Amino acid sequence: MQGNFREHAAVLRRLGAEPVEVRLPAQLDGLDGLILPGGESTAITRLMHLYGIDEALRSFEAPIFGTCAGMIILDREHLGLADIRVERNAFGRQVKSFEADIDIGQGDEPVRAVFIRAPWIAEAGPDVDVLAEVDGHPVLARQGRILVAAFHPELTDDTRIHELFLTQVREATSVDSAELEKRAKAPALPAPGAGVSVRA
Ligand code: GLN
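Let us look at the structure shown here. All of these numbers come straight from a predicted model, not from anything done at the bench.

We now examine the overall build of the chain. Secondary structure summary: the chain contains five helices and nine strands in total. For the chain, the α and β elements follow one another from N to C terminus as α-β-α-α-β-α-β-β-β-β-β-β-β-α. A buried classification covers 34% of the 200 residues belonging to the chain. A separation threshold of at least 6 residues defines the contact pool for the chain, and within that pool the share at least 24 residues apart is 66%.

So, in structure tokens, the structure goes:
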């Protein structure tokens, strides 16, 4: 949307997705996924309200990935799309920025994560899977189609976190196309459009 669009877009392109910048509600139409980037959550909240993106997101059904301020915006106190309570500037305001190796499980190499005045997840509901923690605080989590990260995966060369999101996007679009195919076979329903492309 704003801020680090360029960095996110570069990673997405490397992974074969077609990124588009979203500033207006109509630009959400037909997207297979959405990244809510970092920045200042109060400013982003105000702008989203001004442009009606907050309202438009209520009917947006594709996967959403919130990074840093984007994670704050998805929480219970903001858009309410993730069942989490996020604490802003949780690592301390004075700790402007730090890097940490985080374990994302599955026996993989740890991910080097860049934290910038980062939040953490203070509380998570039962449907939330915590995927990584720093000092016992969740910093990467998934709840169905929603992925949240307290850090900035677009600022390193490691593409694994974006890959994780694109896997969610591909899962969601293949469910959709399977559903469309089923409908195409049901004579009473109209034929579906062409294939669904991944445009995260
Ligand atoms: N501290 C910012 C906030 O509370 C988030 C920082 C970030 O997105 N890097 O909105």
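Text resumes after the structure shown.
This part is about the environment of G125. Among the structural elements, G125 can be located in the loop between strand 6 (120–124) and strand 7 (129–134). Owing to 11 C-beta atoms within 10 Å, G125 belongs among the exposed residues under this scheme. Each C-alpha atom, one on G125 and one on I84, is 6.2 Å from the other, the two residues being 41 residues apart in sequence.

We now examine the pairing of strand 8 (residues 137–143). Two faces make up the sheet, and in a regular strand the side chains alternate between them. The buried count for strand 8 comes to five of seven residues, which makes it a mostly enclosed element. Here five bridges tie strand 7 to strand 8, and the two strands are oriented antiparallel to one another. Within strand 8, the position partnered with V134 by the bridge is H137. Between strand 7 and strand 8, which follow one another and run antiparallel, lie two residues, and D135 among them has a positive phi close to 50°. As judged from the four bridges shared by strand 8 and strand 9 (residues 146–149), these two strands associate in the antiparallel manner. By the bridge assignment, L140 is partnered in strand 9 with A149. The turn joining strand 8 and strand 9, which pair antiparallel and follow one another in sequence, is formed by two residues; a positive phi near 60° is taken by G144.

It is worth spelling out the site of the ligand at this point. In the vicinity of the ligand, the contacting residues are G38, G39, E40, S41, C68, A69, I72, R88, N89, I116 and R117. The residue makeup of the shell around the ligand, split by class, is four nonpolar, four polar and three charged.

Moving on, we get to the nonpolar core. Ranked by size, the top nonpolar core spans 47 residues in total, and within it M71, L74, V139, V148, A149, A150 and F151 carry the most contacts. What F151 contacts, discounting residues up to four positions off in sequence, is C68, A113, V114, F115, A118 and V139.

Take the sheet that holds strand 9 next. One open sheet holds the five strands; their spatial order is 1-2-9-8-7, and the pairing between them is mixed. The sheet terminates laterally at strand 1 (34–36) and strand 7, the two strands that pair on one side only. Taken pair by pair, the neighbouring strands of this sheet meet at an average axis angle of 15°, ignoring direction.

All of the buried residues along helix 1 (residues 5–14) are H8, V11 and L12. Down the axis of helix 1, the smallest arc covering the buried residues is 100°, so these residues share one side. Among the exposed residues of helix 1, those oriented more than 90 degrees off its buried face are R6, R13 and R14. Downstream of helix 1 by a residue or two, G16 has a phi angle that is positive, lying close to 90°.

Turning our attention to unusual backbone geometry. Phi at C68 takes a positive value of approximately 55°, unusual for a residue other than glycine. As for its placement among the helices and strands, C68 is situated in the loop between strand 2 (64–67) and helix 4 (69–74). One non-glycine residue with positive phi stands out, namely R117, at about 40°. Here R117 is to be found in the loop between strand 5 (111–116) and strand 6. We classify R117 as partly exposed; it has 18 C-beta atoms within 10 Å.

Conventions we followed
- Residues numbered from 1 in each chain as written.
- Predicted model: local features only at pLDDT ≥ 70, side-chain atom pairs only at ≥ 80, totals over all residues.
- Helix = DSSP H or I, 4+ residues; strand = E, 2+ residues; numbered from the N terminus.
- Buried ≥ 20, exposed ≤ 12 C-beta atoms within 10 Å, placed from the backbone.
- Contact = placed C-beta atoms within 7 Å.
- Pairing = 2+ DSSP bridges.
- Near = placed C-beta within 6 Å.
- Nonpolar A, V, L, I, M, F, W, Y, C, P; charged D, E, K, R; others polar.
- Core = buried A, V, L, I, M, F, W, Y, C linked by C-beta atoms within 7 Å.
- Axes fitted to C-alpha atoms, helices over the stretch in contact; angles between N-to-C directions.
- Arc of directions from axis to C-beta.

Without other data, these values stay purely geometric and don't point to any function.
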